[in-house]
Each structure stands twice: as C-alpha cells, then as structure tokens.
Amino acid sequence: MKITFRDFHAGFVKGINYLLAFLLAVIVIIVFSNVLSRYLLNASLAWSDEISRMMFIWLVFLGAIIAYVNNEHLGLDIFIKIFPKKTTQVFILIADIVVFFSLTIVFKGGIDMTVDSFESGWVSSAVPIQYGYIYLVVPISAALMLIECLLKFINDIKIAVSLAKGGA
Amino acid sequence: MLTLFLVVLFSLVFLSVPIAFSLIVTAIVLMFVMDSFSGALMIQNMVRGVDSFPLMAIPFFILSGEIMSHGGISKRLVQFSGSILGFVKGGLGYAAVLACMIFAGVSGSAVADTSAIGSMVYPIMKEKYDPEKSAALFTAAGCIGPIIPPSIPMILFGVIANVSIVKLFLGGIIPGVLIGIALMIGWYFHSKKMNYPSEGKFSFRNAIKSTIGSIWALILPGIILGGIVFGFFTPTEAGVIATVYAFFVSFFIYRELKLKDMPKILIMSSRITAVVMLVVGAATAAGYFITTAQIPTMLMDTLTSLSSGNVNLLMIYINILLLIVGCVMDLTPALLILGPMLLPLVLKNGIDPIYFGVVMVVNLCIGLLTPPVGTVLFVGCGISKIPMGRLARAIAINILIMVAVLFLITFVPGLITFIPNLVKR
C-alpha cells in the first residue's frame with residue numbers, strides 16, 4: 001500500500017495531538033500530586049513546580065503547530081474580506097509571507113538560544129535538567145510551522161491561480 | 001516611535017496576519033529601529049512570558065470546563081436553576097442567566113460558559129420564547145464567565161500587572177452578579193411584554209430533588225473560591241483541583257463521562273491553551289522592546305494631556321478606547337497589548353490596579369459580544385443557528401445593559417474594591 005503525503009501529514013498531526021493530550025494529563029497529575037503531598041505528607045515536591053512549567057512550555061509551542069494547521073490562531077480576517085475575492089487572496093499571500101518571515105527569525109533565535117543554553121550548561125535550580133532542553137522546543141516548533149506555512153502558501157497560490165483563471 | 005509601532009502592528013493585523021505573529025514582527029521591527037537586533041533575546045523573552053506557574057491555571061480551568069460540559073455537570077446546573085426559577089413568567093430565561101452565573105463560578109472563560117449552558121438551555125427556550133431573544137440572553141449571560149471568579153483574563157491581568165490574582169478574582173464578584181441581575185431585569189420587561197408562560201407552580205419537592213442531584217456541581221464554586229481566599233491553595237492549584245474534582249464527579253458519581261472522550265477533551269484544551277499562550281509569549285517579547293522604546297511613556301503623555309489630570313475623565317476615555325478595540329479584537333490580545341501600555345498611566349494617576357483590572361476585564365468581555373469580531377457572539381450563532389446580523393441586533397439591548405453596569409462600576413469603585421479590601425493578603 002502506498003502511503004501518500006496526505007496520510008503522512010494526518011499521522012503527524014495526530015501524533016502531536018496525542019503528545020499534547022499526554023503532556024496536559026501529566027501536568028495535571030504532577031500539580032495535583034504536589035497539592036496532595038503538601039496536605040497529606042506535609043512535604044512539597046520541590047521538582048513539581050519546575051517540571052510542570054517545562055512541560056507547559058513544550059505544550060504551548062507544540063500546540064501552536066496544531067493551532068496553525070487548523071487555522072485557529074487569533075486574528076482578524078474581516079478587513080481583507082471587504083475587498084473583491086482576488087484582492088483578498090493577494091492579501092492572504094502577503095500575510096503568509098509575513099508569517100514565514102517571522103518564523104525564520106523565531107527559528108534562528110530559537111537555535112541561538114538553545115545552543116547558548118547548552119554551552120553555558122545552564123541548569124534549573126530544583127531539577128538537574130538543562131535549560132537547553134526547554135528552549136529546544138522553540139526551533140522544533142518554528143521549523144514544523146515553517147513547513148506548514150510553506151504548504152499553506154502553495155495551497156493559497158493554487159487558489160489565487162484558479163481565481164485569476166476564473167475571473168479572466 | 002509610538003506611531004511606527006501602531007502602524008506596523010495594526011497594518012499587519014488588518015492584513016490578517018495572526019496576532020501572535022504580528023506581535024513578533026513588531027518586536028523585530030522595533031529591534032531593527034533601535035539598532036539592537038537579537039533573535040535570541042526575543043526568544044528568551046517569549047519563553048519567559050510562557051514560563052509562569054500562575055498562568056498554568058489557564059489550561060486547568062479550560063480543562064475543568066470541558067470536563068464539566070461533557071460529564072453532565074452543566075446539564076444538572078440548568079435543571080437546578082429551572083426548578084427554582086421556572087415558576088415565574090419567562091422563568092427559563094432567568095434560569096439560563098442563573099445557570100451561567102453558577103457555571104461562571106467554576107469556569108474562567110466566556111466561550112466555555114456560553115457553550116456549556118447555551119447548548120443546554122437553548123433547545124428548550126426556543127420552543128417557548130422568541131428564539132432570537134433567547135439566544136441573545138444566554139449569549140450575553142455567558143460573558144459573566146470570566147467576571148465571576150475564577151477568570152482566565154484576570155489571571156492574565158494579574159500576571160502582567162504583577163498584582164494579586166486573588167484580589168482580582170474577589171473584585172469580579174459584585175460586578176458579575178450585577179450584570180446577571182441587570183440581564184434578568186431586561187428579560188423581565190421583555191417577558192412581560194411578550195406575556196411568556198411560566199413552567200407551572202413552584203414545587204418544593206422538585207427543587208429539593210434537583211438541588212440534591214446537582215449538589216456536587218453547586219459546592220464546587222465554594223471550594224474553589226474558599227480554598228483560594230483562605231490560602232489553602234493558589235489559583236493554579238485551585239484549577240487543578242477543579243479539574244480532578246470535575247473528572248471524579250463526572251466519571252464516578254454521574255457516570256456520564258467516558259474514558260474514551262478524555263483524549264479529545266485533553267487535545268481540545270491543549271489547543272485552546274496554546275492559542276492563548278502563544279499570544280502571551282509574543283506579547284511579552286514585543287512588550288520588552290515596547291518598554292525599551294519608551295512607548296508607554298509616549299501614550300501616557302498623550303492621554304494625560306487629554307484628560308488634564310481628571311481621573312473620571314481618564315477612565316471614560318480608557319473605557320471608550322477599550323470598547324472600540326473590543327469590537328475588532330479578541331479579549332486576550334487586547335488585554336495583553338493594551339494592559340501593559342495603560343498600566344503606567346493608571347498607576348501614575350493613583351488609580352487602584354485591582355479596580356482598573358476588573359474594569360478592563362468587564363469592558364473587554366462586552367467586546368466579546370460586539371460585531372464584527374465577537375468570539376462569544378459567534379458561539380451564540382453556532383449554537384442557535386441564527387445568522388450573526390440578526391443575533392447582533394437582538395443582543396444590542398443586552399450590550400447596552402452591560403455597558404450601563406460597566407459605567408456604574410467605573411464610577412462607584414467601591415462595588416469592585418469592597419470584597420477584595422476585606423481580605424488582608
């Protein structure tokens with residue numbers, strides 16, 4: 001059986017979705033265990049705060065990819081929609097390029113920050129985890145969103161072409 | 001610099017670039033203009049914005065709300081409200097508002113409140129009352145969600161303004177109840193004019209029965225608020241307790257939640273969280289450079305000279321500005337972009353930041369109902385299948401009622417500060 005790109009993409013989205021569900025469930029369990037242990041065992045879990053915050057950062061940046069795929073990021077499309085369809089499509093293409101540009105800077109900055117943290121060996125206080133592992137999610141997220149952005153751009157160009165043909 | 005910042009940010013937003021990315025590009029432009037470009041510094045600030053234990057309350061309260069609407073808790077709240085208010089003419093309308101108010105005590109988001117209660121009450125209400133007015137009522141009442149504690153926007157404000165989230169929560173109680181009562185008064189005149197039927201005589205037995213049936217849901221607001229106020233747990237921990245509690249009640253007591261629904265609920269909550277938090281991260285990054293560029297000072301000078309030191313006048317200007325922004329911008333970005341810019345001005349004029357935070361949240365909650373961009377209005381349209389234009393017309397009177405309450409709390413700050421001032425911490 002041939003695996004198409006579409007299948008691969010759907011599998012990728014599903015995989016990240018389950019990773020998100022897993023992360024959130026674990027965060028809930030960690031924070032709740034801390035409350036329980038404080039009241040039942042009279043001892044706070046020093047690592048719970050930091051570990052849960054690290055997982056939260058991963059959750060946010062990985063979730064951002066899925067939100068981008070589903071077009072769920074907060075934004076306004078009412079202003080460009082008052083124009084004729086073809087003009088709207090041009091605006092959408094410009095917006096794609098702007099997002100692509102900002103993602104390349106985020107990617108580059110993310111790489112720099114990750115490398116810096118690993119080189120300095122910066123370790124968080126309560127758990128022996130290097131900060132580099134936290135920043136690592138930023139370039140990963142930006143790289144995957146760059147790919148998604150490119151796919152969206154190709155799709156938007158196709159729509160623009162068909163609009164141009166249909167209108168001519 | 002102020003002009004450049006506003007032009008860049010708003011032209012990108014109008015171009016339909018998502019707000020988080022618009023903020024990132026704005027930060028990049030500001031860095032270039034100040035000749036201090038550093039991608040790493042931007043990312044460091046972005047991650048710093050997300051890396052916050054108080055903000056982790058957001059996914060917890062989103063998750064608890066999702067579990068409660070899937071697990072039969074919101075259904076029981078509606079039954080309970082119906083059993084005690086159904087005997088009045090147009091009683092289901094009051095019941096809808098009451099159910100929204102109680103749900104607001106366990107959920108922190110207007111979208112969650114509107115969809116959880118609206119999807120339960122609307123099918124019954126539309127059979128007996130005018131469908132458009134019914135939808136307009138539950139949609140407006142859902143906006144009480146983030147006003148009565150817990151509240152996601154107030155958590156955000158507490159973090160950006162570095163003020164007590166607990167006090168903000170407490171400050172929202174009276175305004176939230178006032179809006180609920182005001183909406184009920186509006187519904188009273190409407191149902192009197194239309195001569196709506198009641199749901200039959202008040203039955204003490206039914207009321208007791210439904211109270212017992214929904215007791216697990218009814219005590220949760222008390223647990224959350226009491227626990228936070230008396231210092232048993234932080235707002236974030238309250239969120240996790242609400243989540244575990246909602247899961248326990250829906251799964252073991254009501255037995256309406258299925259384990260196979262959980263991945264879907266977790267994924268949905270994670271995605272909503274990521275959308276909100278990416279804006280938080282981007283706004284923190286942009287905010288760092290905005291402050292470095294001294295933009296708040298410039299805005300402060302402009303607004304100060306306009307209001308010539310009169311605090312009431314200043315609050316009127318700010319309220320009008322926020323109402324306009326609220327029409328086109330969602331609550332979260334409006335709060336995160338304008339909050340840090342207005343705060344220095346507010347503090348300089350000796351205005352209590354707790355009071356200001358509550359006014360700002362109530363104001364921007366009204367913005368959730370106003371077209372063209374009204375997130376909660378869209379939810380109301382989705383549930384009722386009424387086109388946006390018609391629902392917007394039906395809801396206009398409710399918006400006016402809420403604006404009236406907004407100005408009441410603006411000019412009588414005691415309504416906000418009374419309860420928080422009772423608490424020492």
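Keep in mind the model is a prediction, meaning the values are calculated, not measured. (Residues numbered from 1 in each chain as written. Chains lettered and ligands numbered in written order. Predicted model: local features only at pLDDT ≥ 70, side-chain atom pairs only at ≥ 80, totals over all residues. Heavy atoms only, no water.)

### What about the overall build of chain A?
Part 1 of the argument: Regarding its fold elements, chain A presents five helices and zero strands.
Part 2 of the argument: Reading chain A from its N end, one meets helices and strands in the order α-α-α-α-α.
Part 3 of the argument: Against the compact-globule benchmark of 15 Å for 168 residues, chain A has a radius of gyration of 21 Å, which places it well outside the compact range.
Part 4 of the argument: Dimensions of chain A, computed from the C-alpha atoms along their principal axes, are close to 75 × 45 × 35 Å.
Part 5 of the argument: Sorting the 168 residues of chain A into buried and exposed places 42% on the buried side. (Helix = DSSP H or I, 4+ residues; strand = E, 2+ residues; numbered from the N terminus. Rg over C-alpha atoms; globule rule 2.2 N^0.38 Å. Buried < 20%, exposed > 50% of the residue type's maximum accessible area, 1.4 Å probe, protein only.)

### A few points about unusual backbone geometry
Residues and elements named next belong to chain B.
Part 1 of the argument: Backbone torsion omega between P149 and P150 reads -5°, so that peptide bond is classified as cis.
Part 2 of the argument: Turning to its location among the elements, P150 is positioned in the loop between α8 (131-142) and α9 (152-161).
Part 3 of the argument: Of note, the bond from P371 into P372 is cis; its omega dihedral lies within 30 degrees of zero at 0°.
Part 4 of the argument: Structurally, P372 is set in the loop between α20 (353-367) and α21 (375-384).
Part 5 of the argument: Of note, the phi angle at D35 is positive, near 60°, even though the residue is not glycine.
Part 6 of the argument: Checked against the element boundaries, D35 lands in the loop between α2 (19-33) and α3 (39-50).
Part 7 of the argument: Owing to a relative accessible area of 71%, D35 belongs among the exposed residues under this scheme.

### Thoughts on the environment of A:I51
All names here are of chain A.
Part 1 of the argument: With respect to the element layout, I51 can be found in helix α2 (residues 46-69).
Part 2 of the argument: I51 sits 75 residues away from A126 along the chain, and the two C-alpha atoms are 8.9 Å apart.
Part 3 of the argument: Setting aside residues up to four positions removed in sequence, I51 forms contacts with I30, V127 and I129. (Contact = heavy atoms within 4.5 Å.)

### Details of helix α17 (residues 295-307) of chain B
Residues and elements named next belong to chain B.
Part 1 of the argument: Spanning 13 residues, α17 covers 19 Å between terminal C-alpha atoms, matching the ideal 18 Å at 1.5 Å per step.
Part 2 of the argument: Among the residues of α17, I295, P296, L299, M300, L303 and S307 are the ones counted as buried. Along the axis of α17, the buried residues cluster in a sector spanning 130°; they form a single face.
Part 3 of the argument: Where α17 is buried, its residues meet α1 (2-14), α2, α16 (262-292), α18 (311-328) and α19 (331-348).
Part 4 of the argument: Within two residues after α17, S308 carries a phi angle of roughly 45°, on the positive side. (Expected span 1.5 Å × (residues − 1). Arc of directions from axis to C-beta.)

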